[in-house]
Amino acid sequence: MIPIDQRVIIAGAGPVGLLAALALAKQDVPVLVLEAEPMLAHDLRAGSFHPPSLELMAPYGITEEMQAIGIRVPRWQIRDRREGVIAEWDLGLLADETPYPYRLHLEQHRLTPMIHRRLLPIPHAEVRFNARVVDLDQDADGVWVVVETPHGIERFEGGWLIGADGGRSTVRKLLNVEFEGFTWPERFVVVSTTFDFAQRGYTSNAYVADPEQWAAVFHMPDAGPPGLWRMAFPVPVDESDEDTLAPDAVERRMQYLYPRPERYTVRYKSIYKVHQRVAKEFRRGRCLLGGDAAHLNNPLGAFGLNGGIHDAMNLAEKLGRVCRGEADESLLDLYVRQRRTVNIDYVQEGSIQNLKLLTERNAEARRERFEELRRTAADPGRAKQYLLQSSMIASMRRAAAIP
Ligand SMILES: Cc1cc2nc3c(=O)[nH]c(=O)nc-3n(C[C@H](O)[C@H](O)[C@H](O)COP(=O)(O)OP(=O)(O)OC[C@H]3O[C@@H](n4cnc5c(N)ncnc54)[C@H](O)[C@@H]3O)c2cc1C
């Protein structure tokens, strides 16, 4: 067994930190996860899992558990608010590429307990809550983190540190790593309703273009059938959070998307700032970044957490080999090359393109783009290529091909 002073310390018990911990612990690498909050987060964020993420989590039994309560989404649509369906994509075209030819919808806060539960019985895996990383240091042999706890400051030693502490990552800031990119001026409001959009011809995932108010629509399992329909809408720069979240304003947005005589029953609503940023470095010596700590993108395309899962598994496989002395630490630079490159080329590029498609104001450009999408969807060969990209299979293959 690897000595405890060579364990991997992980800042953040979000899905990325927990998955990296599980994948390392299963290779007999001791891990310590430090989470600032008193419990796992319960916020409504990611909820759409792509085939490669399901493949990566399957060996741990997580995918099977997710499938039991998640919603399978074999088809999804691009729509125009006025014209209706522009293109409908059938992931069945990927049946010979993946054992999971669908998106799986499940709330992020239902995934994290599944991973945490699998870590609990492993003797060399520890998850500490109420443990906020506030400082770090490293030399050629190890890392140290200073942690704020309710009982005062504690110091932990390890061989490596993974910063999986989210978009505002303390680890990234302490390392002084630049977070390159930009923040969109408009925010997003996310609203969950009980109204069943499937009865109105919507697939369980749909993106609705409109120059004034586009929408991203997700059917989520919630506590069980019939589930909830979650929508993301844009919020103009000059609108206050209070105005956006007022019941009449939420109702106006819902009625604009799909007018109906009754009011919508709204279960949840919240506002998010949206960023497109990639850390300039994913590795500084013995410290590595993954997930939102390393990159942020808008949620159109559901690339954020999926990309983080791909980071966690890629990094855990390489770091495991380094910890066991089977590979030189330069293998970790391959993690950086593979995951940083595809984040820039696929995740940043793809999510920005998705947002532009939904918001296009020029009528001619919009018409041309819709025509192109219709032609692509009608041709199984081209539709398959489109699906390989949008389901992140292409980005996984590209990463694996980077030497
Ligand atoms: C509205 C919305 C919808 C989204 N939809 C999707 C989607 O459908 N599909 C998708 O793939 N992605 C989606 N995302 C993105 C996704 O939620 C994130 O990419 C994901 O949460 C990243 O996981 P993470 O583990 O890297 O970070 P987080 O989930 O942010 O976890 C970081 C953890 O670190 C802890 N922490 C922070 N600072 C410290 C510290 N100093 N010390 C110790 N612990 C610390 C935090 O408390 C937290 O628990 C969406 C995001 C939003 C906002």
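Structural data are supplied above this passage.
Below, the structure is looked at part by part.

## Remarks on the site of the ligand
(1) Moving on: Surrounding the ligand, one finds 30 residues, the nearest of these being Glu35, Arg45, Gln108, Asp292 and Leu305.
(2) Moving on: In this structure, an oxygen atom belonging to the ligand sits 3.4 Å away from a main-chain N or O atom of Ala46.
(3) Moving on: Residue Thr170 places a side-chain N or O atom 3.1 Å away from a nitrogen atom belonging to the ligand.
(4) Moving on: Calculation on the ligand without its partners gives an accessible area of 1000 Å², and the protein chains cover 88% of this total.
(5) Moving on: Residue contributions to the shell around the ligand peak at 3 residues, all from helix α8 (residues 304-323).
(6) Moving on: Split by residue class, the shell around the ligand holds 14 nonpolar, 10 polar and 6 charged.

## A look at unusual backbone geometry
(1) Moving on: Cis geometry marks the peptide bond from Pro225 to Pro226, where omega comes out at 5°.
(2) Moving on: Here Pro226 lies in the loop between β16 (215-220) and β17 (228-235).
(3) Moving on: Notably, Asp28 is not glycine yet its phi reads approximately 70°, a positive angle.
(4) Moving on: A positive phi is found at Asn176, a non-glycine position, where the angle reads about 60°.
(5) Moving on: Inspection of the secondary structure puts Asn176 in the loop between α5 (170-174) and β13 (179-183).
(6) Moving on: On the accessibility criterion, Asn176 (66% relative accessible area) is exposed.

## Things to note about the packing of helix α1 (residues 15-25) against α8
Each packed pair of helices is defined by two parameters, the angle between the axes and the distance between the axes.
(1) Moving on: Where α1 meets α8, the axes come as close as 8 Å, and the angle between the chain directions of the two elements is 30°. Our classification of the angle between α1 and α8 gives roughly parallel. Classified by chirality, the crossing of α8 by α1 is right-handed. When α1 is examined against α8, the residues Pro15, Val16, Leu19, Ala20, Ala23 and Leu24 are found in contact with a partner set consisting of Leu305, Gly308, Ile309, Ala312, Met313, Ala316, Leu319 and Gly320.

## What about the sheet that holds strand β3 (residues 48-49)?
Note: strands within a sheet are paired through backbone hydrogen bonds, in either parallel or antiparallel orientation.
(1) Moving on: One open sheet holds the 3 strands; their spatial order is β3-β7-β4, and the pairing between them is antiparallel. Taken across any chain shown, the strands that pair with only one partner, and hence form the sheet edges, are β3 and β4 (71-73).
(2) Moving on: Taken together, the 3 bridges between β4 and strand β7 (residues 103-105) define a ladder with antiparallel strand orientation. Pairing of Arg72 across the sheet is with Leu104, part of β7.

## As for the sheet that holds strand β21 (residues 287-289)
(1) Moving on: Strands sit in the order β8-β2-β1-β12-β21-β20 across an open sheet of 6 strands; the sheet is mixed. Each edge of the open sheet is held by one strand with a lone partner, namely β8 (125-128) and β20 (283-284).
(2) Moving on: Contacts from α8 reach β1 (8-11), β12 (160-163) and β21, with the element oriented near 170° to β12.

## Quick notes on the packing of aromatic side chains
(1) Moving on: Across all of its chains, the model carries 16 aromatic pairs by this definition.
(2) Moving on: For the pair Trp76 and Tyr207, a centre-to-centre distance of 5.7 Å together with 85° between the ring planes defines the contact as edge-to-face. Here Trp76 is found in strand β5 (residues 75-80), whereas its partner Tyr207 is found in strand β15 (residues 205-209), with 131 residues between them in sequence. Just as Trp76 is buried, Tyr207 falls in that class too.
(3) Moving on: Every member of this aromatic cluster is reached through a ring pair, and the members are Phe195, Phe197, Tyr202, Trp229, Tyr258 and Tyr264.

## Looking at the environment of Ile153
(1) Moving on: On the secondary structure map, Ile153 appears in strand β11 (residues 152-158).
(2) Moving on: Of the residues examined, Ile153 reaches a relative accessible area of 57% and is grouped as exposed.
(3) Moving on: Distance in space between the C-alpha atoms of Ile153 and Ser240 is 39 Å, their sequence separation being 87 residues.
(4) Moving on: Residues within four places of Ile153 in sequence aside, it is in contact with Val146, Val147 and Glu148.

## Some thoughts on the pairing of strand β19 (residues 275-279)
(1) Moving on: Sheet topology places β13 next to β19; 5 bridges connect them, and they run antiparallel. Looking at β19, one finds that Phe182 is bridged to Gln276.
(2) Moving on: Both β19 and strand β22 (residues 295-296) contribute to a ladder of 2 bridges, which runs antiparallel. The residue of β22 that forms the bridge with Val278 is His295.

## Structural notes on the pattern of salt bridges
(1) Moving on: Considering all chains together, one arrives at 34 salt bridges under this definition.
(2) Moving on: Where Asp222 meets Arg110, a salt bridge forms, and the shortest distance between an N and an O atom there is 4.0 Å. Separated by 112 residues along the polypeptide, Asp222 in the loop between β16 and β17 and Arg110 in helix α4 (residues 108-119) bring together distant segments of the chain.
(3) Moving on: We classify Asp222 as buried; its relative accessible area is 17%.
(4) Moving on: By relative accessible area, Arg110 is classed as partly exposed at 23%.
(5) Moving on: Measuring nitrogen to oxygen at the nearest pair gives 3.2 Å for the salt bridge that ties Arg253 to Glu239. Placement of Arg253 in helix α7 (residues 247-257) and of Glu239 in the loop between β17 and α6 (241-245) is noted, with a sequence separation of 14 residues between them.
(6) Moving on: One network of salt bridges, in which partners are shared, links Asp96, Glu97, Lys384 and Arg397.

Conventions adopted
Residues numbered from 1 in each chain as written. Predicted model: local features only at pLDDT ≥ 70, side-chain atom pairs only at ≥ 80, totals over all residues. Heavy atoms only, no water. Near = heavy atom within 4 Å. Polar contact = N/O pair within 3.5 Å; in protein donor to acceptor, adjacent residues only side chain to side chain. Areas by Shrake-Rupley, 256 points an atom, 1.4 Å probe, with all protein chains shown as cover. Helix = DSSP H or I, 4+ residues; strand = E, 2+ residues; numbered from the N terminus. Nonpolar A, V, L, I, M, F, W, Y, C, P; charged D, E, K, R; others polar. Buried < 20%, exposed > 50% of the residue type's maximum accessible area, 1.4 Å probe, protein only. Axes fitted to C-alpha atoms, helices over the stretch in contact; angles between N-to-C directions. Parallel < 35°, antiparallel > 145°, perpendicular 65-115°, else oblique. Left-handed = near helix turned anticlockwise from the far one by under 90°. Contact = heavy atoms within 4.5 Å. Pairing = 2+ DSSP bridges. Phe/Tyr/Trp six-rings, centres within 6.5 Å; stacked < 30°, edge-to-face > 60°. Salt bridge = Lys/Arg side-chain N within 4 Å of Asp/Glu carboxyl O.

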